[in-house]
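Overview (structure and organization)
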Amino acid sequence: MKKIMLVFGTRPEAIKMCPLVKRFQQETETFETIVCVTGQHREMLDQVLHLFDVRPDYDLNIMKTGQDLYDITARVLLGMRDVLKEAQPDVVLVHGDTTTSTAAALAAFYQRIPVGHVEAGLRTYQIYSPWPEEMNRQITSRIARYNFAPTPLSRENLLREYVDSATISVTGNTVIDALHMVVQKLKDNPALSEEQRKVLLDAGYDVRRLERKTQSGEGPRRLVLITGHRRENFGLGFMHICHAIKSLTQRYPDVDFVYPMHLNPNVRKPIHEIFDGIDMLPPGKGWGEAFNMFFIEPLEYLSFVYLMEKSTLVLTDSGGIQEEAPGLGKPVLVMRDTTERPEALESGTVHLVGCDEEKIFSEVCMLLDDKTMYDKMSRAWNPYGDGKACERIVNMLKL
Ligand code: UD1
Ligand code: UDP
């Protein structure tokens, strides 16, 4: 019996690791599955644990308001020391590029426990973009004994860095497993979709608005879905993003802009400053005369996917959403200068728009106004996986 410990702590890691936890838990003859969450995120992590019904064996509960990189690294490292000593796993699996994942990998290395890296080999080769994620990934690659690369390109990156090819397997990204599970759930159960509509209504957005006729009479209302949270965009970057969004809401009164806000105070500050008092408006109300801007609390994954399916396009700096949206045929404008996920750039469903106010504004306008361009970017095609990544990872660890 192999003891596998899966460690994660933020929302995206949880979305990508919970399907893997579930898959390991099916193999009771071969694996003992131990789940350790760091609690780097609290509410946003708990939303995902609840959705997938995953109950952690260990919870380091490290989150503090306004935590910095030193706080997270130190708390995870020290917390993991004791957890690893007690649980003594044979393999520790970490995910991607968060500080939870790198600190947990280091903690396992200090006790000479082999580390498996899920979502290995993504690179921009620019250490401050994204920051600190690019360096986190590179450090974890040096430690990892097993590398689960989502795409052939991520495998090539590792090979170029002289990572032993025998340790690398191309599995696809587990986010596509998660996405398929949720999309299927919504498809199989119309009552569940109705539930999401109500959740969104409570959160402050009525999706039935999208069935209404527009003032101009040209087609139904459309939806631009927005998220943002990258550390390197804090400050000026977010101010530019908010100004661009504000101009867009005024230019397109027939389009709804919905922004489920990350809980990081650095994300919310410029929103409060630029949109002035919008956050606390009662459900159904938006900012400004056009009433088409909706700032809402972070959504549970099921509701978020439901809303993404209803959207016309997505404006984001998120990593995970770059992987999910192309599979749903939704064009993505990425508010970053670089991406470690170039596959969808090449396939044409994703464009980089940086944090430049005018560029964000003009690219959204182009997608909303130019049907040919829109059709070109909205062809559903997903280079990131086929929904079987978890099965491949489990099988690799059986060997
Ligand atoms: C973290 C990851 C980032 C990942 C992102 C996904 C690092 C350094 N950063 O960034 O790679 O892309 O998560 O969202 O690992 N907060 C809450 N409740 C929550 C979550 C966050 O209140 O459930 C607030 C807290 O004040 C916290 C702050 O957000 O201190 C920042 O959280 P943190 O994990 O440090 O940074 P993220 O920007 O979320
Ligand atoms: N997501 C969610 N609710 C939200 C916003 C995003 O469930 O309100 C999901 C989204 O579908 C994706 C993941 O969270 O799977 C992305 O998380 P985030 O953007 O915070 O982190 P990143 O992927 O950039 O590390």
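In this text, all values refer to a predicted model and were calculated from it rather than measured experimentally.

Quick notes on the pairing of strand β5 (residues 115-118)
- Of the two faces of β5, both are covered, the one formed by V115 and H117 as well as the one formed by G116 and V118.
- Across four bridges, strand β4 (residues 91-95) lies against β5 in parallel orientation. When the bridges of β5 are listed, L93 appears paired with G116.
- Strand direction decides the pairing type here: β5 and strand β6 (residues 146-149), joined by three bridges, are parallel. Residue G116 lies in a different strand from β6, and its bridge partner there is Y146.
- As a crossover connection, the stretch from β5 through helix α5 (residues 133-143) into β6 is right-handed.

What about the sheet that holds strand β2 (residues 31-37)?
- Taken in spatial order, the seven strands make up an open sheet running β3-β2-β1-β4-β5-β6-β7, and their pairing is parallel. On the outer flanks of this sheet lie β3 (58-59) and β7 (168-170), each paired with one strand and no other.
- In this fold helix α6 (residues 152-160) packs onto β6 and β7, with an angle of close to 165 degrees to the strand it touches most, β7.
- In the packing of helix α16 (residues 389-398) onto the sheet, the strands contacted are β1 (2-8), β2, β4, β5, β6 and β7, and the crossing angle to β6 comes to about 160 degrees.

Some thoughts on the environment of P326
- Note on placement: P326 falls in the loop between α12 (319-324) and β12 (332-334).
- Given the relative accessible area of 0%, P326 is considered buried.
- Separated by 21 residues in sequence, P326 and S347 have C-alpha atoms that sit 9.3 Å apart.
- Not counting the four nearest positions on each side in its chain, P326 is found in contact with I321, V332, A344, T349, V350, R379, A380 and W381.

Some points on the site of ligand 2
- Lining the immediate environment of ligand 2, one finds 15 residues, of which L299, S318, G319, G320 and E324 sit closest.
- Take R230: an N or O atom from its side chain is 3.2 Å from an oxygen atom of ligand 2.
- The side chain of S318 places a nitrogen or oxygen atom 2.8 Å from an oxygen atom of ligand 2.
- Considering ligand 2 on its own, with 540 Å² of exposed area, one finds that the protein chains cover 95% of that surface.
- The set of elements that each furnish at least two residues to the shell around ligand 2 consists of α1 (11-25), α11 (301-310) and α12.
- Of the residues belonging to the shell around ligand 2, the class tally is eight nonpolar, four polar and three charged.

Details of the packing of aromatic side chains
- Across all of its chains, the model carries six aromatic pairs by this definition.
- Aromatic pair F234 and F238: ring centres 5.9 Å apart, planes at 35 degrees, arrangement tilted.
- The exposure class assigned to F238 is buried, which follows from its relative accessible area of 0%.
- An aromatic cluster is built from Y259, F275 and F295, whose rings are joined through pairwise contacts.

What about the site of ligand 1?
- Close contacts around ligand 1 come from 25 residues, with H41, E43, K64, T99 and E133 the closest.
- Within the backbone of G66, an N or O atom sits 3.1 Å from an oxygen atom of ligand 1.
- Between ligand 1 and R230 there is a distance of 3.0 Å, counted from an oxygen atom to a side-chain nitrogen or oxygen.
- When ligand 1 sits alone it has 750 Å² of accessible area, and the protein chains cover 95% of it.
- Looking at the shell around ligand 1, the elements that each hand over two or more residues are α2 (43-52) and α3 (69-87).
- Among the residues forming the shell around ligand 1, the class breakdown is eight nonpolar, 11 polar and six charged.

Calculation notes
- Residues numbered from 1 in each chain as written.
- Chains lettered and ligands numbered in written order.
- Predicted model: local features only at pLDDT ≥ 70, side-chain atom pairs only at ≥ 80, totals over all residues.
- Heavy atoms only, no water.
- Buried < 20%, exposed > 50% of the residue type's maximum accessible area, 1.4 Å probe, protein only.
- Helix = DSSP H or I, 4+ residues; strand = E, 2+ residues; numbered from the N terminus.
- Pairing = 2+ DSSP bridges.
- Right-handed = clockwise from strand over helix to strand, strands pointing away.
- Contact = heavy atoms within 4.5 Å.
- Axes fitted to C-alpha atoms, helices over the stretch in contact; angles between N-to-C directions.
- Near = heavy atom within 4 Å.
- Polar contact = N/O pair within 3.5 Å; in protein donor to acceptor, adjacent residues only side chain to side chain.
- Areas by Shrake-Rupley, 256 points an atom, 1.4 Å probe, with all protein chains shown as cover.
- Nonpolar A, V, L, I, M, F, W, Y, C, P; charged D, E, K, R; others polar.
- Phe/Tyr/Trp six-rings, centres within 6.5 Å; stacked < 30°, edge-to-face > 60°.

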